[in-house]
Amino acid sequence: MTVSLDLYQSAGVGVAALMLGLFLTRKVPFLKRHCIPAPVTGGLIISLLTLSLYALGGVECHFDGTLRDFFMIAFFTSVGFQCDLRVLRKGGRPLLMMILLVAGLIVTQNLLSVGIARGLGQDPLLGMAAGSIPMCGGHGTAGGFFPLLEEMGLAGASSITMAAATFGLVAGSLLGGPLAERLIRRKHLAEPSAAHAGKPDPGAAHPHGAERAPWGYLFTVCLVLAAMALGACVSKLLAMTGVTFPTYFGALLVAVVLRNLLGFSPLWAQSGQEGRVVSLGEICLSLFLGMAMSFLRLWELASIALPLCLILVCQVAFMALYAAFVAFPLLGRDYDGAVMVSGLCGFGLGATPNAMANMSAVCFKYRYAVNPFIVVPIVGAMFVDIINTGVVTLFLNFIR
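Numbers given to residues run from 1 along each chain, matching the order in which its sequence is written. Given that the model is predicted, a residue must reach a pLDDT of at least 70 before its local features are reported, and side-chain atom pairs must reach 80 or more before they are shown or counted; all residues, however, enter totals for whole chains, interfaces and linings. For the side-chain quantities, the full set of heavy atoms in the structure was used; hydrogens and water were omitted.

**Observations regarding the overall build of the protein**
Of regular secondary structure, the protein possesses 16 helices and two strands. Burial status across the protein gives 55% buried among its 400 residues. Residue contacts are counted whenever heavy atoms from the two residues lie within 4.5 Å of one another. A fraction of 80% describes how many contacts in the protein between residues 6 or more apart in sequence connect residues 24 or more apart. Put simply, the protein shows about 17200 Å² of open surface, and 70% of that area lies on carbon and sulfur atoms. Counting from the N terminus, the helices are DSSP H or I runs at least four residues long and the strands are E runs at least two residues long. Three labels apply to residues, based on accessible area from a 1.4 Å probe with only protein chains included: buried if under 20% of the type maximum, exposed if over 50%, partly exposed otherwise in between. For the area figures, the Shrake-Rupley method with a 1.4 Å probe applies, and any residue is considered shielded solely by the protein chains shown.

Right, dumping it as structure tokens:
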């Protein structure tokens, strides 16, 4: 038996997932402590319910993904509008080193996962679905690439990438703090401190404008929609090259160009548009994740559960080794380097909020570190998705 939901009903399911996740995040300390996104929690519960309907009653639910894809592209457009290339001068050597470390991590994650998939006799696309797409990219990039992976022939790509992203989100939260704490203790980089009175709030990573005027947000929405429209044209031009790109790539490129052109005008900073773009992007991401997680067809994971688990466990082990023996020495072997290592684990396996939560936990035990809270948010917000998209696109065209 098949139950098909239309565009409005599918959107309603996504909203229900988001509301359920927000409720559970407030009530369950574990979810808040490990920065599990509310739509991931609620969407996973709904996807488990659809799995139960399929397993017990043979009922297969089909959802309309039109609005899901719209919110996904809108989110990546907002990411492009956050990419101010002039901030490179603020981070100095640690910022450059972190960008290079992220690029190396992304390349190696894909080599590792594709290599394991080939070694197990699996489709290399399975390796890509458990590589940097969900690891460094998180749920947003996983949602952006799974339609392309399915188009290339990977059955159940949405369930695979979203399951891998959820695994990475939890693993990144559990790995980063303890690893940094161990490095600090072994190298005697800092002494524990019970209080950090008067320290800046490390959670304030992104600029959120205080202005909430409707006309200000109207301009922001129009700007994002215009970038999406131009981006659709750019995507069509890119498709003519014969190179495979994700559907959001054109909009992302247009947004980056517009952001850096608008940045020359003092009105951009004074009007608070950057804060509105960030807020709009977070709303779109939450709605997109609520729908994407709810639409998972978990029964499609049964045939590749063992290879997928093996790849993901290897990804976590590699992340720990990479952070301790490559990133930490290159970042200076000091306290700031240890804190940044915890952040690297956060967005290397999950997302930027994981990175911020990891660093906050480390600094709460020891002392506040200024540079990590400048470098890591810039890399996580501006460079990870762009580098990841480029590297994944190269890999997909190479193995196609």
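**So, the packing of helix α4 (residues 66–81) against helix α7 (residues 138–151)**
A fitted line through C-alpha atoms represents every axis, and for helices the fit uses only the stretch in contact; the resulting angles, taken between N-to-C directions, go from 0 to 180 degrees. It is at 10 Å that the axes of α4 and α7 come closest, and there the two elements cross at 125°. The angle between α4 and α7 places the two elements in the oblique class. As α4 packs across α7, the resulting crossing turns out to be left-handed. Along its contact with α4, which presents Arg68, Met72, Phe75 and Phe76, the element α7 presents Gly140, Thr141, Gly143, Gly144 and Phe146. All residues other than Ala, Val, Leu, Ile, Met, Phe, Trp, Tyr, Cys, Pro, Asp, Glu, Lys and Arg, Gly among them, are scored as polar; the first ten of these are nonpolar and the last four charged. Of the residues contributing to the contact of α4 with α7, the split by class is four nonpolar, four polar and one charged. Oblique is the label for every angle not falling under 35 degrees (roughly parallel), over 145 degrees (roughly antiparallel), or within 65 to 115 degrees (roughly perpendicular). Two helices that cross are described as forming a left-handed crossing if the nearer one is turned anticlockwise from the farther one by less than a right angle, and a right-handed crossing if clockwise.

**Points about the pattern of salt bridges**
The salt bridge criterion pairs a side-chain nitrogen of Lys or Arg with a carboxyl oxygen of Asp or Glu, the two atoms within 4 Å. Scanning all chains against the criterion turns up two salt bridges. Among the salt bridges present, the one from Arg68 reaches Asp69, with a minimum N-O distance of 3.1 Å. Residue classification places Arg68 among the buried positions, given a relative accessible area of 14%. A salt bridge links Glu181 to Arg185; the nearest nitrogen and oxygen atoms lie 3.0 Å apart. You can see Glu181 and its partner Arg185 sitting in helix α8 (residues 157–187), four residues apart, about one turn around the helix.

**A look at the side chain of Thr220**
Tracing the backbone through its elements, the reader meets Thr220 in helix α9 (residues 214–239). Take Thr220: its relative accessible area is 0%, and that puts it in the buried class. Residues in contact with Thr220, not counting those within four places in the same chain, are Gln273, Arg276, Val277 and Leu280.

**What about a positive patch on the surface?**
Any residue with relative accessible area above 30% and no salt bridge may belong to a patch, with like charges joined within 9 Å and the nonpolar Val, Leu, Ile, Met, Phe, Trp and Tyr side chains within 5 Å. Just so you know, the count uses Lys and Arg for positive and Asp and Glu for negative, and it drops His and the chain ends. Think of each charge as sitting on NZ of Lys, CZ of Arg, CG of Asp or CD of Glu. A grouping of Arg182, Arg186, Lys187 and Arg333 is seen on the molecular surface, where their side chains present a positively charged patch. As for its placement among the helices and strands, Arg182 is situated in helix α8.

**Quick look at the packing of aromatic side chains**
To pair, rings of Phe, Tyr and Trp, with the six-membered ring standing in for Trp, must have centres within 6.5 Å; the planes then decide the type, stacked if under 30 degrees apart, edge-to-face if over 60, and tilted in the middle. All chains considered together, the criterion is met by four aromatic pairs. The interplanar angle of 70° and the centroid separation of 5.6 Å between the aromatic rings of Phe70 and Phe71 together place this pair among those described as edge-to-face. The exposure class of Phe71 is buried, given its relative accessible area of 16%. We count a charge as sitting over a ring when the NZ of a lysine or the CZ of an arginine lies within 6 Å of the ring centre and within 35 degrees of the ring normal. A cation over an aromatic ring shows up here: Arg276 above the ring of Tyr217, its NZ or CZ 5.9 Å from the ring centre.

**Comments concerning the packing of α7 against helix α12 (residues 273–294)**
Two numbers describe how α7 lies on α12: the axes approach to 10 Å, and their chain directions differ by 65°. Pair α7 / α12 crosses with left-handed handedness. Judged by residue contacts, His139, Gly140, Gly143 and Gly144 of α7 engage Leu285, Phe288, Leu289 and Met293 from α12. Taken together, the residues that form the contact of α7 with α12 break down as four nonpolar, four polar and no charged.

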